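The residues making up each chain are set out below.
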Amino acid sequence: MRTRFMNLRVPAGGNKTRPAEIVVSDGLFDEILPAGTETAASGEQWVNLRGGLVLPGVIDGHVHFDDPGFTHREDFASGTAAAAAGGVTCVVDMPCTSMPPITDTEALAAKVRAIQTKAYVDFALWGGVSGNVMEGADWKARLEELVEAGVGAIKVYCLSGMDSFRALDDDQMERVFGAAAELGIPVGVHAEDATVVEEFTREARDRGGDDPADYAASRPVLAEVAAIRRIIESCRRTGARVHIVHLSSGSGLDLVTEAKKDGVNISAETCPHFLQFTLDDFLRQGSLLKTAPVVKSIEDRERLWEGAAAGELAFIATDHAPGQWPEEKHTGSIWSDYGGVPGVETLLPYLLSEGVSAGRITLERLIELTAAQPARFFGIDDRKGSLGEGLDADFVVLDDDVRWTVTGSELHNLNRYTPFEGHEFIGRVRATYVRGHAVFERKPDGRELFAPAGRGRWIQRGKT
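These lines cover the structure that appears in this document, whether it is placed above or below. (Residues numbered from 1 in each chain as written. Predicted model: local features only at pLDDT ≥ 70, side-chain atom pairs only at ≥ 80, totals over all residues. Heavy atoms only, no water.)

Points about the sheet that holds strand β7 (residues 122–125)
- Pairing in this open sheet of three strands is parallel, and the strands run β5-β6-β7 from one edge to the other. In this open sheet, the two strands that pair with only one neighbour each are β5 (58–63) and β7. Recorded for the sheet is a direction-independent mean angle of 20° between the axes of neighbouring strands.
- Pairing of strand β6 (residues 88–93) with β7 involves four bridges; the strand directions are parallel. If you follow Asp-93 over to β7, its bridge partner there is Leu-125.
- Its contacts with the sheet place helix α2 (residues 105–115) against β6 and β7, and it is angled at close to 165° to β7. (Pairing = 2+ DSSP bridges. Helix = DSSP H or I, 4+ residues; strand = E, 2+ residues; numbered from the N terminus. Axes fitted to C-alpha atoms, helices over the stretch in contact; angles between N-to-C directions. Contact = heavy atoms within 4.5 Å.)

Looking at the layout of surface pockets
- The space that makes up the largest pocket amounts to roughly 850 Å³.
- When residues of the lining of the largest pocket are traced back to their parent elements, those giving at least two are β9 (154–157), α6 (194–206) and α7 (212–218).
- The element contributing the most residues to the lining of the largest pocket is α6, with four residues.
- When grouped by side-chain class, the residues that make up the lining of the largest pocket number 12 nonpolar, 14 polar and eight charged.
- One number sums up the size of the second largest pocket: a volume of about 250 Å³.
- Lining of the second largest pocket is provided by 17 residues; of these, Arg-383, Asp-392, Arg-435, Arg-457 and Ile-459 occupy positions nearest its centre.
- Split into classes, the residues belonging to the lining of the second largest pocket amount to four nonpolar, five polar and eight charged. (1 Å grid on protein atoms, 1.4 Å probe; cavity = no way out; pocket = protein on both sides within 12 Å on 5 of 7 lines; lining within 4 Å. Points joined across faces, edges and corners; volume = space filled by probe spheres on them. Nonpolar A, V, L, I, M, F, W, Y, C, P; charged D, E, K, R; others polar.)

A look at the pairing of β5
- Here β5 lies mainly inside the structure; six of its six residues are buried.
- Where β5 meets β6, four bridges bridge the pair, whose relative direction is parallel. When the sheet's bridge partners are listed, Asp-60 is paired in β6 with Val-91. (Buried < 20%, exposed > 50% of the residue type's maximum accessible area, 1.4 Å probe, protein only.)

Some points on the packing of helix α5 (residues 170–183) against helix α8 (residues 221–238)
- α8 packs onto α5 with a crossing angle of 40° between their chain directions and a minimal axis gap of 9 Å. The orientation of α5 relative to α8 falls into the category oblique. Helix-helix and strand crossings are classified by hand; for α5 and α8 the assignment is right-handed. Contact with α5, carried on its side by Asp-170, Glu-174, Phe-177, Gly-178 and Ala-181, involves Arg-230, Ile-231, Ser-234, Cys-235, Arg-237 and Thr-238 of α8 and no other residues of that element.
- Of the residues assigned to the contact of α5 with α8, the class counts are four nonpolar, three polar and four charged. (Parallel < 35°, antiparallel > 145°, perpendicular 65-115°, else oblique. Left-handed = near helix turned anticlockwise from the far one by under 90°.)

With respect to the sheet that holds β9
- The sheet built from six strands is open, its strands ordered β8-β9-β10-β11-β12-β13 with parallel pairing. Sheet topology places β8 (127–128) and β13 (315–316) at the edges, where each strand pairs with a single neighbour.
- Looking at chain direction, strand β10 (residues 187–190) and strand β11 (residues 242–244) are connected through three bridges and run parallel. For Val-187, the partnering residue across the bridge sits in β11 and is Val-242.

Focus on the environment of Gly-51
- Within the fold, Gly-51 resides in strand β4 (residues 44–56).
- Gly-51 gets classed as partly exposed once you look at its relative accessible area, which sits at 28%.
- Note: C-alpha distance between Gly-51 and Arg-9 (42 residues apart in sequence) is 6.5 Å.
- If we skip the residues at most four places from it in the chain, Gly-51 touches Asn-7, Leu-8, Arg-9 and Arg-430.

Focus: the pattern of salt bridges
- If you walk through the whole model with that rule in mind, you get 40 salt bridges.
- One salt bridge connects Arg-142 with Asp-104, and the closest N-O pair in it is separated by 3.8 Å. In this pair, Arg-142 sits in helix α4 (residues 139–149) while Asp-104 sits in the loop between β6 and α2, placing the two residues 38 residues apart along the sequence.
- Overall, Arg-142 belongs to the partly exposed group, its relative accessible area being 25%.
- The partner of Glu-233 in a salt bridge is Arg-236, with the nearest N and O atoms 3.5 Å apart. Of this pair, Glu-233 and Arg-236 both sit in helix α8, three residues apart, which is roughly one turn of that helix. (Salt bridge = Lys/Arg side-chain N within 4 Å of Asp/Glu carboxyl O.)

This is the structure we're talking about:
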(Lines give C-alpha, C1' and ligand atoms only; values in the text may rest on other atoms or scores of the structure.)
Protein backbone atom coordinates (compact mmCIF):
# COMPACT_ATOMS: atom_id res chain seq x y z
CA MET A 1 0.00 0.00 0.00
CA ARG A 2 1.30 3.43 -1.01
CA THR A 3 -0.32 6.42 0.71
CA ARG A 4 0.21 10.09 -0.09
CA PHE A 5 -0.58 12.52 2.74
CA MET A 6 -1.32 15.98 1.34
CA ASN A 7 -2.21 19.50 2.49
CA LEU A 8 0.12 19.48 5.49
CA ARG A 9 3.08 21.35 6.95
CA VAL A 10 6.39 19.95 8.21
CA PRO A 11 9.14 21.60 10.30
CA ALA A 12 11.68 23.66 8.37
CA GLY A 13 14.20 24.70 11.04
CA GLY A 14 13.75 26.92 14.07
CA ASN A 15 10.04 27.68 14.32
CA LYS A 16 9.51 27.61 10.56
CA THR A 17 7.28 25.18 8.70
CA ARG A 18 6.76 24.51 5.00
CA PRO A 19 3.95 22.96 2.95
CA ALA A 20 4.73 19.39 2.01
CA GLU A 21 3.48 15.97 1.04
CA ILE A 22 4.49 12.70 2.66
CA VAL A 23 4.50 9.41 0.80
CA VAL A 24 4.38 6.21 2.86
CA SER A 25 4.96 2.74 1.44
CA ASP A 26 4.76 -0.50 3.43
CA GLY A 27 4.73 1.40 6.72
CA LEU A 28 7.89 3.41 5.99
CA PHE A 29 8.47 7.00 4.93
CA ASP A 30 9.14 6.82 1.21
CA GLU A 31 9.40 10.51 0.29
CA ILE A 32 8.98 13.92 1.91
CA LEU A 33 8.10 16.19 -1.03
CA PRO A 34 7.20 19.83 -1.66
CA ALA A 35 3.49 20.52 -1.79
CA GLY A 36 1.87 20.25 -5.20
CA THR A 37 3.80 17.27 -6.52
CA GLU A 38 0.87 14.86 -6.46
CA THR A 39 0.98 12.06 -9.00
CA ALA A 40 -1.58 9.59 -10.20
CA ALA A 41 0.51 6.61 -9.19
CA SER A 42 -1.36 3.37 -9.64
CA GLY A 43 -3.01 2.22 -6.44
CA GLU A 44 -1.94 5.28 -4.48
CA GLN A 45 -4.27 6.31 -1.67
CA TRP A 46 -4.56 10.04 -0.91
CA VAL A 47 -5.20 11.46 2.57
CA ASN A 48 -5.95 15.17 3.03
CA LEU A 49 -4.60 16.43 6.38
CA ARG A 50 -6.36 19.81 6.05
CA GLY A 51 -3.36 22.01 6.78
CA GLY A 52 -2.25 20.14 9.89
CA LEU A 53 1.26 20.40 11.30
CA VAL A 54 3.03 17.05 11.06
CA LEU A 55 5.78 16.19 13.55
CA PRO A 56 7.70 12.97 14.18
CA GLY A 57 5.89 10.71 16.61
CA VAL A 58 6.91 11.34 20.20
CA ILE A 59 9.00 8.77 22.07
CA ASP A 60 8.25 8.90 25.79
CA GLY A 61 11.37 7.31 27.26
CA HIS A 62 10.11 6.89 30.84
CA VAL A 63 6.70 5.42 31.63
CA HIS A 64 5.35 3.06 34.29
CA PHE A 65 2.44 1.16 32.76
CA ASP A 66 2.47 -1.40 35.62
CA ASP A 67 1.55 -4.39 33.48
CA PRO A 68 1.62 -7.16 34.62
CA GLY A 69 1.32 -6.76 38.36
CA PHE A 70 -0.19 -3.40 39.33
CA THR A 71 -2.89 -2.94 36.71
CA HIS A 72 -5.22 -1.18 39.16
CA ARG A 73 -2.94 1.83 38.52
CA GLU A 74 -2.34 1.49 34.78
CA ASP A 75 -2.23 -1.22 32.17
CA PHE A 76 -0.77 -1.37 28.71
CA ALA A 77 -4.12 -0.91 26.96
CA SER A 78 -5.08 2.27 28.80
CA GLY A 79 -1.52 3.58 28.93
CA THR A 80 -0.87 3.19 25.21
CA ALA A 81 -4.34 4.53 24.35
CA ALA A 82 -3.43 7.69 26.29
CA ALA A 83 -0.09 7.75 24.46
CA ALA A 84 -1.83 7.56 21.08
CA ALA A 85 -4.22 10.36 22.02
CA GLY A 86 -1.20 12.49 22.96
CA GLY A 87 0.84 11.96 19.79
CA VAL A 88 3.22 9.44 21.40
CA THR A 89 4.03 6.64 18.97
CA CYS A 90 6.53 4.72 21.13
CA VAL A 91 6.78 4.37 24.90
CA VAL A 92 9.70 2.92 26.87
CA ASP A 93 8.37 1.13 29.94
CA MET A 94 10.28 0.85 33.19
CA PRO A 95 11.27 -2.53 34.69
CA CYS A 96 10.51 -1.89 38.35
CA THR A 97 6.71 -1.62 38.40
CA SER A 98 6.03 -4.95 36.74
CA MET A 99 5.68 -8.21 38.65
CA PRO A 100 8.05 -9.84 38.45
CA PRO A 101 10.45 -6.96 37.79
CA ILE A 102 12.26 -7.09 34.46
CA THR A 103 15.63 -8.21 35.81
CA ASP A 104 16.00 -11.37 33.72
CA THR A 105 14.87 -12.66 30.35
CA GLU A 106 12.19 -14.94 31.80
CA ALA A 107 10.41 -11.92 33.29
CA LEU A 108 11.02 -9.97 30.08
CA ALA A 109 9.38 -12.67 27.97
CA ALA A 110 6.43 -12.89 30.36
CA LYS A 111 5.94 -9.13 30.15
CA VAL A 112 6.00 -9.09 26.35
CA ARG A 113 3.41 -11.88 26.28
CA ALA A 114 1.20 -9.94 28.67
CA ILE A 115 1.30 -6.60 26.88
CA GLN A 116 1.83 -7.07 23.16
CA THR A 117 -1.84 -7.70 22.31
CA LYS A 118 -2.86 -4.59 24.30
CA ALA A 119 -0.53 -2.03 22.75
CA TYR A 120 -1.99 0.76 20.61
CA VAL A 121 1.49 2.16 19.90
CA ASP A 122 4.99 0.69 19.73
CA PHE A 123 6.97 0.02 22.88
CA ALA A 124 10.53 -0.54 24.00
CA LEU A 125 11.47 -1.86 27.42
CA TRP A 126 13.97 -0.95 30.09
CA GLY A 127 15.73 -3.81 31.87
CA GLY A 128 16.94 -3.44 35.43
CA VAL A 129 19.49 -4.47 38.02
CA SER A 130 18.21 -4.31 41.58
CA GLY A 131 19.81 -4.86 44.95
CA ASN A 132 17.84 -8.10 45.07
CA VAL A 133 19.54 -9.35 41.90
CA MET A 134 22.99 -8.28 43.10
CA GLU A 135 22.69 -10.77 45.96
CA GLY A 136 23.09 -13.57 43.43
CA ALA A 137 26.27 -14.64 41.70
CA ASP A 138 24.53 -14.62 38.31
CA TRP A 139 23.65 -10.88 38.20
CA LYS A 140 26.10 -10.17 35.38
CA ALA A 141 24.87 -13.08 33.29
CA ARG A 142 21.31 -11.83 33.75
CA LEU A 143 22.38 -8.38 32.58
CA GLU A 144 24.15 -9.76 29.53
CA GLU A 145 21.05 -11.77 28.59
CA LEU A 146 18.79 -8.73 28.92
CA VAL A 147 21.07 -6.72 26.64
CA GLU A 148 21.17 -9.53 24.10
CA ALA A 149 17.35 -9.70 24.21
CA GLY A 150 17.11 -6.06 23.15
CA VAL A 151 16.20 -3.95 26.18
CA GLY A 152 16.68 -0.26 25.47
CA ALA A 153 18.60 0.64 28.64
CA ILE A 154 19.19 -0.52 32.23
CA LYS A 155 17.55 1.10 35.26
CA VAL A 156 19.05 1.25 38.77
CA TYR A 157 18.21 3.16 41.95
CA CYS A 158 20.27 5.05 44.51
CA LEU A 159 17.08 5.16 46.59
CA SER A 160 14.07 2.89 46.22
CA GLY A 161 10.85 2.40 48.12
CA MET A 162 10.17 -0.99 46.49
CA ASP A 163 11.01 -4.23 48.28
CA SER A 164 10.87 -6.06 44.95
CA PHE A 165 13.42 -3.70 43.34
CA ARG A 166 15.85 -2.47 45.97
CA ALA A 167 18.48 0.23 45.52
CA LEU A 168 22.18 -0.39 44.91
CA ASP A 169 24.98 0.71 47.21
CA ASP A 170 27.97 2.56 45.74
CA ASP A 171 30.04 -0.57 45.18
CA GLN A 172 27.18 -2.39 43.46
CA MET A 173 26.47 0.65 41.31
CA GLU A 174 30.06 0.83 40.11
CA ARG A 175 30.10 -2.87 39.25
CA VAL A 176 26.93 -2.45 37.20
CA PHE A 177 28.38 0.61 35.46
CA GLY A 178 31.50 -1.35 34.56
CA ALA A 179 29.52 -4.27 33.17
CA ALA A 180 27.22 -1.95 31.21
CA ALA A 181 30.22 -0.16 29.71
CA GLU A 182 31.53 -3.49 28.44
CA LEU A 183 28.12 -4.33 26.96
CA GLY A 184 27.55 -0.92 25.37
CA ILE A 185 24.21 -0.31 27.11
CA PRO A 186 23.26 2.97 28.86
CA VAL A 187 22.27 2.99 32.53
CA GLY A 188 19.50 5.22 33.85
CA VAL A 189 19.79 6.18 37.53
CA HIS A 190 17.23 7.42 40.03
CA ALA A 191 19.56 9.92 41.67
CA GLU A 192 18.57 10.69 45.25
CA ASP A 193 20.99 9.99 48.09
CA ALA A 194 19.44 7.43 50.43
CA THR A 195 21.31 8.61 53.53
CA VAL A 196 20.19 12.23 53.05
CA VAL A 197 16.55 11.33 52.39
CA GLU A 198 16.35 8.86 55.25
CA GLU A 199 17.83 11.40 57.70
CA PHE A 200 15.51 14.24 56.66
CA THR A 201 12.50 11.91 56.60
CA ARG A 202 13.24 10.73 60.11
CA GLU A 203 13.55 14.31 61.34
CA ALA A 204 10.25 15.32 59.75
CA ARG A 205 8.34 12.33 61.08
CA ASP A 206 9.88 12.60 64.56
CA ARG A 207 8.48 16.13 64.86
CA GLY A 208 5.07 14.93 63.69
CA GLY A 209 5.24 16.51 60.26
CA ASP A 210 2.63 15.17 57.86
CA ASP A 211 1.96 17.63 55.06
CA PRO A 212 3.44 18.37 51.63
CA ALA A 213 6.02 20.78 53.07
CA ASP A 214 7.36 17.98 55.29
CA TYR A 215 7.58 15.55 52.39
CA ALA A 216 9.34 18.17 50.26
CA ALA A 217 11.81 18.86 53.09
CA SER A 218 12.63 15.15 53.25
CA ARG A 219 13.84 15.14 49.61
CA PRO A 220 15.87 18.34 49.25
CA VAL A 221 18.07 19.44 46.36
CA LEU A 222 20.97 18.21 48.49
CA ALA A 223 19.82 14.61 48.03
CA GLU A 224 19.88 14.88 44.24
CA VAL A 225 23.18 16.74 44.15
CA ALA A 226 24.94 14.31 46.50
CA ALA A 227 23.84 11.33 44.42
CA ILE A 228 24.82 12.94 41.10
CA ARG A 229 28.28 13.82 42.39
CA ARG A 230 28.97 10.17 43.24
CA ILE A 231 27.45 8.95 39.97
CA ILE A 232 29.71 11.28 37.97
CA GLU A 233 32.83 9.97 39.68
CA SER A 234 31.79 6.36 39.12
CA CYS A 235 30.94 7.15 35.52
CA ARG A 236 34.37 8.73 35.10
CA ARG A 237 36.13 5.65 36.50
CA THR A 238 34.17 3.06 34.53
CA GLY A 239 33.53 4.85 31.22
CA ALA A 240 29.85 3.90 31.43
CA ARG A 241 27.12 5.72 29.51
CA VAL A 242 24.98 7.02 32.39
CA HIS A 243 21.73 8.93 32.34
CA ILE A 244 20.02 10.76 35.22
CA VAL A 245 16.27 10.14 35.06
CA HIS A 246 13.66 12.74 36.10
CA LEU A 247 16.19 15.45 37.00
CA SER A 248 14.45 18.02 39.23
CA SER A 249 17.00 20.68 40.19
CA GLY A 250 19.08 23.36 38.54
CA SER A 251 22.07 22.43 40.69
CA GLY A 252 21.84 18.85 39.48
CA LEU A 253 21.75 20.04 35.86
CA ASP A 254 24.81 22.24 36.48
CA LEU A 255 26.73 19.17 37.67
CA VAL A 256 25.72 17.12 34.65
CA THR A 257 26.61 19.92 32.24
CA GLU A 258 30.05 20.48 33.77
CA ALA A 259 30.78 16.76 33.79
CA LYS A 260 29.87 16.50 30.09
CA LYS A 261 32.23 19.37 29.30
CA ASP A 262 34.91 17.40 31.14
CA GLY A 263 34.36 14.37 28.93
CA VAL A 264 32.13 12.29 31.21
CA ASN A 265 29.58 10.25 29.25
CA ILE A 266 26.53 11.42 31.17
CA SER A 267 23.15 12.90 30.28
CA ALA A 268 19.84 13.73 31.91
CA GLU A 269 16.13 14.02 31.28
CA THR A 270 13.50 16.10 33.02
CA CYS A 271 9.70 15.94 33.12
CA PRO A 272 6.84 18.37 32.45
CA HIS A 273 5.91 18.54 36.13
CA PHE A 274 9.37 19.86 36.97
CA LEU A 275 9.11 22.39 34.13
CA GLN A 276 5.72 23.66 35.29
CA PHE A 277 5.16 23.24 39.01
CA THR A 278 6.97 24.46 42.13
CA LEU A 279 6.77 23.83 45.84
CA ASP A 280 3.95 26.37 46.11
CA ASP A 281 1.89 24.28 43.69
CA PHE A 282 2.65 21.15 45.73
CA LEU A 283 1.50 22.86 48.92
CA ARG A 284 -1.73 23.80 47.16
CA GLN A 285 -2.44 20.56 45.27
CA GLY A 286 -1.11 18.18 47.91
CA SER A 287 -0.61 14.52 47.09
CA LEU A 288 -2.12 14.88 43.65
CA LEU A 289 1.29 16.39 42.76
CA LYS A 290 3.39 14.10 44.97
CA THR A 291 6.36 12.67 43.04
CA ALA A 292 9.87 11.45 43.76
CA PRO A 293 11.90 13.59 43.36
CA VAL A 294 9.59 16.37 44.47
CA VAL A 295 9.02 19.59 42.51
CA LYS A 296 11.41 22.34 43.51
CA SER A 297 11.74 26.16 43.35
CA ILE A 298 10.94 28.69 40.64
CA GLU A 299 14.70 29.06 40.08
CA ASP A 300 15.07 25.30 39.55
CA ARG A 301 12.17 25.33 37.11
CA GLU A 302 13.64 28.16 35.05
CA ARG A 303 17.11 26.56 35.02
CA LEU A 304 15.61 23.34 33.64
CA TRP A 305 13.88 25.30 30.87
CA GLU A 306 17.23 26.92 30.05
CA GLY A 307 18.78 23.46 29.87
CA ALA A 308 16.03 22.24 27.57
CA ALA A 309 16.57 25.15 25.20
CA ALA A 310 20.37 24.98 25.26
CA GLY A 311 20.75 21.26 24.65
CA GLU A 312 21.95 20.45 28.17
CA LEU A 313 19.07 18.00 28.64
CA ALA A 314 19.02 14.90 26.46
CA PHE A 315 15.25 14.61 26.32
CA ILE A 316 12.00 15.21 28.15
CA ALA A 317 10.00 12.24 29.39
CA THR A 318 6.98 11.98 31.66
CA ASP A 319 7.73 9.43 34.39
CA HIS A 320 4.05 8.59 33.84
CA ALA A 321 3.12 6.76 37.06
CA PRO A 322 -0.47 7.26 38.20
CA GLY A 323 -1.76 5.78 41.41
CA GLN A 324 -5.25 4.40 41.92
CA TRP A 325 -7.50 7.45 42.04
CA PRO A 326 -8.59 8.67 44.49
CA GLU A 327 -7.81 5.93 47.04
CA GLU A 328 -4.00 5.82 46.78
CA LYS A 329 -3.69 9.60 46.70
CA HIS A 330 -5.84 10.14 49.80
CA THR A 331 -4.70 7.61 52.39
CA GLY A 332 -4.74 10.09 55.26
CA SER A 333 -0.98 10.70 55.36
CA ILE A 334 1.46 12.38 53.00
CA TRP A 335 3.93 9.60 53.77
CA SER A 336 1.68 6.77 52.56
CA ASP A 337 -0.05 8.61 49.69
CA TYR A 338 1.13 7.21 46.36
CA GLY A 339 3.88 9.19 44.64
CA GLY A 340 3.41 9.60 40.92
CA VAL A 341 1.40 11.47 38.29
CA PRO A 342 0.10 10.61 34.81
CA GLY A 343 1.55 12.54 31.90
CA VAL A 344 1.96 10.59 28.66
CA GLU A 345 -1.10 12.17 27.01
CA THR A 346 -0.23 15.76 27.94
CA LEU A 347 3.53 15.68 27.17
CA LEU A 348 3.42 16.99 23.60
CA PRO A 349 0.57 19.50 24.07
CA TYR A 350 2.33 20.88 27.15
CA LEU A 351 5.65 21.37 25.37
CA LEU A 352 3.95 22.92 22.35
CA SER A 353 2.05 25.34 24.55
CA GLU A 354 4.46 26.22 27.37
CA GLY A 355 7.60 25.58 25.34
CA VAL A 356 7.15 26.58 21.70
CA SER A 357 4.20 28.98 21.93
CA ALA A 358 5.65 30.60 25.05
CA GLY A 359 8.98 31.15 23.30
CA ARG A 360 11.05 28.97 25.65
CA ILE A 361 12.12 26.45 23.00
CA THR A 362 11.88 26.28 19.22
CA LEU A 363 9.86 23.75 17.29
CA GLU A 364 13.15 22.30 16.06
CA ARG A 365 14.32 21.82 19.65
CA LEU A 366 10.99 20.25 20.61
CA ILE A 367 11.56 17.54 18.01
CA GLU A 368 15.05 16.86 19.37
CA LEU A 369 13.75 16.59 22.94
CA THR A 370 10.78 14.36 22.18
CA ALA A 371 11.81 12.23 19.21
CA ALA A 372 15.33 12.41 17.78
CA GLN A 373 17.35 12.25 20.99
CA PRO A 374 15.32 9.56 22.79
CA ALA A 375 15.56 7.46 19.62
CA ARG A 376 19.35 7.79 19.70
CA PHE A 377 19.57 7.08 23.43
CA PHE A 378 17.60 3.83 23.17
CA GLY A 379 19.41 2.73 20.03
CA ILE A 380 16.34 2.79 17.77
CA ASP A 381 17.19 5.80 15.59
CA ASP A 382 17.57 3.48 12.61
CA ARG A 383 13.77 3.07 12.79
CA LYS A 384 12.35 5.98 14.81
CA GLY A 385 12.77 9.63 15.71
CA SER A 386 12.37 11.72 12.55
CA LEU A 387 10.45 12.22 9.33
CA GLY A 388 13.23 10.42 7.49
CA GLU A 389 13.02 8.32 4.38
CA GLY A 390 13.22 4.62 5.18
CA LEU A 391 12.18 5.06 8.83
CA ASP A 392 8.92 3.89 10.36
CA ALA A 393 6.15 6.28 9.30
CA ASP A 394 5.33 7.36 12.85
CA PHE A 395 3.93 10.88 12.99
CA VAL A 396 1.44 13.12 14.71
CA VAL A 397 -0.94 15.60 13.07
CA LEU A 398 -1.53 18.73 15.13
CA ASP A 399 -3.93 21.64 15.10
CA ASP A 400 -1.17 23.84 16.45
CA ASP A 401 -3.29 26.95 17.03
CA VAL A 402 -6.25 25.33 18.79
CA ARG A 403 -6.77 26.28 22.44
CA TRP A 404 -8.20 23.67 24.78
CA THR A 405 -8.54 23.07 28.51
CA VAL A 406 -7.14 19.97 30.21
CA THR A 407 -9.79 17.93 32.00
CA GLY A 408 -8.62 14.81 33.81
CA SER A 409 -11.87 12.92 33.27
CA GLU A 410 -11.44 13.27 29.49
CA LEU A 411 -7.95 11.75 29.39
CA HIS A 412 -7.47 8.10 28.44
CA ASN A 413 -5.18 6.59 31.08
CA LEU A 414 -6.83 4.32 33.62
CA ASN A 415 -6.83 6.72 36.60
CA ARG A 416 -7.97 10.04 35.23
CA TYR A 417 -6.48 12.76 37.34
CA THR A 418 -3.80 15.29 36.43
CA PRO A 419 -1.92 18.16 38.07
CA PHE A 420 -2.66 20.09 34.85
CA GLU A 421 -6.41 20.12 35.56
CA GLY A 422 -7.88 23.35 34.20
CA HIS A 423 -4.75 24.47 32.34
CA GLU A 424 -5.29 25.88 28.86
CA PHE A 425 -2.91 24.56 26.20
CA ILE A 426 -2.29 25.84 22.68
CA GLY A 427 -2.03 22.98 20.19
CA ARG A 428 -3.95 19.72 20.15
CA VAL A 429 -3.37 16.29 18.63
CA ARG A 430 -5.72 15.61 15.74
CA ALA A 431 -4.33 12.23 14.68
CA THR A 432 -1.50 9.84 15.47
CA TYR A 433 -0.02 7.43 12.92
CA VAL A 434 2.14 4.38 13.59
CA ARG A 435 3.85 2.97 10.50
CA GLY A 436 1.45 4.94 8.32
CA HIS A 437 -1.75 3.70 9.98
CA ALA A 438 -3.97 5.95 12.08
CA VAL A 439 -4.08 4.63 15.63
CA PHE A 440 -5.97 7.67 16.94
CA GLU A 441 -8.13 10.33 15.30
CA ARG A 442 -10.05 13.26 16.75
CA LYS A 443 -12.84 14.17 14.34
CA PRO A 444 -14.09 17.75 13.79
CA ASP A 445 -17.31 16.88 15.64
CA GLY A 446 -15.29 15.80 18.71
CA ARG A 447 -15.56 12.03 18.22
CA GLU A 448 -12.40 10.07 19.07
CA LEU A 449 -11.53 6.95 17.13
CA PHE A 450 -8.88 4.35 18.02
CA ALA A 451 -7.56 1.55 15.84
CA PRO A 452 -7.82 -1.90 17.44
CA ALA A 453 -5.34 -2.66 20.21
CA GLY A 454 -2.42 -4.87 19.32
CA ARG A 455 -1.02 -2.79 16.46
CA GLY A 456 1.97 -1.75 18.60
CA ARG A 457 5.20 -3.72 18.26
CA TRP A 458 8.13 -4.38 20.58
CA ILE A 459 11.05 -2.28 19.35
CA GLN A 460 14.33 -3.85 20.47
CA ARG A 461 17.68 -2.14 20.73
CA GLY A 462 20.07 -3.53 18.15
CA LYS A 463 17.40 -5.58 16.42
CA THR A 464 16.04 -4.22 13.14
